[in-house]
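Residue-level listing of the chains:
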Amino acid sequence: MNTVAARCLMCGKGYDVPEDHKDFKKLKEQNKVEAVFICDFCNNRVRHESEEQHKPKKPM
Ligand SMILES: [Zn+2]
């Protein structure tokens, strides 16, 4: 399978992103030895954290 080497901006882990990944094209277009992206794990974490922030805070 076609992959592109990319490093996650948030956790710093290196990944071989397969061509069926949603960011594959974007990573290829960066045309770097090692492209940068946000891995799925960090994506989920960020989404979860922003959801937490949108929750109304209960008054004490
Ligand atoms: Zn990550």
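Residues numbered from 1 in each chain as written. Predicted model: local features only at pLDDT ≥ 70, side-chain atom pairs only at ≥ 80, totals over all residues. Heavy atoms only, no water.

1. Concerning the overall build of the protein chain
- In terms of regular secondary structure, the protein chain is built from two helices and three strands.
- Its helices and strands in sequence order give the protein chain the pattern β-β-α-β-α, from N to C terminus.
- Its C-alpha atoms give the protein chain a radius of gyration of 15 Å, clearly above 10 Å, the size a compact globule of 60 residues would have.
- Counting only C-alpha atoms, the protein chain reaches 55 × 20 × 15 Å along its principal axes. (Helix = DSSP H or I, 4+ residues; strand = E, 2+ residues; numbered from the N terminus. Rg over C-alpha atoms; globule rule 2.2 N^0.38 Å.)

2. So, the coordination of the zinc ion
- Distances from the zinc ion to its protein donors, Cys8 (SG), Cys11 (SG), Cys39 (SG) and Cys42 (SG), fall within 2.2 to 2.3 Å.
- Coordination at the zinc ion comes from four donor atoms whose angles at the metal span 102 to 119°, giving a geometry best classed as tetrahedral.
- Considered as a linear motif, the donors of the zinc ion on their single chain read C-x2-C-x27-C-x2-C. Of this pair, Cys11 sits in the loop between β1 (3-8) and β2 (14-18) while Cys39 sits in the loop between β3 (35-37) and α2 (40-54), placing them 28 residues apart in sequence. (Donors = N, O, S within 2.8 Å, 3.2 Å for Na, K, Ca; no water. Tetrahedral: all angles 85-135°; square planar, octahedral: opposite > 155°, others 65-115°.)

3. Considering the packing of aromatic side chains
- Throughout the structure, instances matching the rule amount to one aromatic pair.
- Where Tyr15 meets Phe37, the ring centres are 5.7 Å apart and the plane angle is 85°; that geometry is what we call edge-to-face. Highlighted residues: Tyr15 in strand β2 and Phe37 in strand β3, separated in sequence by 22 residues.
- By relative accessible area, which is 27% here, Tyr15 ends up partly exposed.
- Residue class for Phe37 comes out buried when judged on its relative accessible area of 6%. (Phe/Tyr/Trp six-rings, centres within 6.5 Å; stacked < 30°, edge-to-face > 60°. Buried < 20%, exposed > 50% of the residue type's maximum accessible area, 1.4 Å probe, protein only.)

4. Some thoughts on the pairing of β2
- Inspection of the sheet shows β1 paired to β2 by five bridges, in the antiparallel sense. Pairing of Val4 across the sheet is with Val17, part of β2. (Pairing = 2+ DSSP bridges.)

5. Some points on the nonpolar core
- In this structure, Val4, Ala6, Cys8, Val17, Phe24, Leu27, Ala35, Phe37, Cys39 and Cys42 together form the largest nonpolar core, which totals ten residues.
- Those elements giving two or more residues to this core turn out to be β1, α1 (24-29) and β3.
- With three residues, β1 is the largest single contributor of residues to this core. (Core = buried A, V, L, I, M, F, W, Y, C linked by side-chain atoms within 4.5 Å.)

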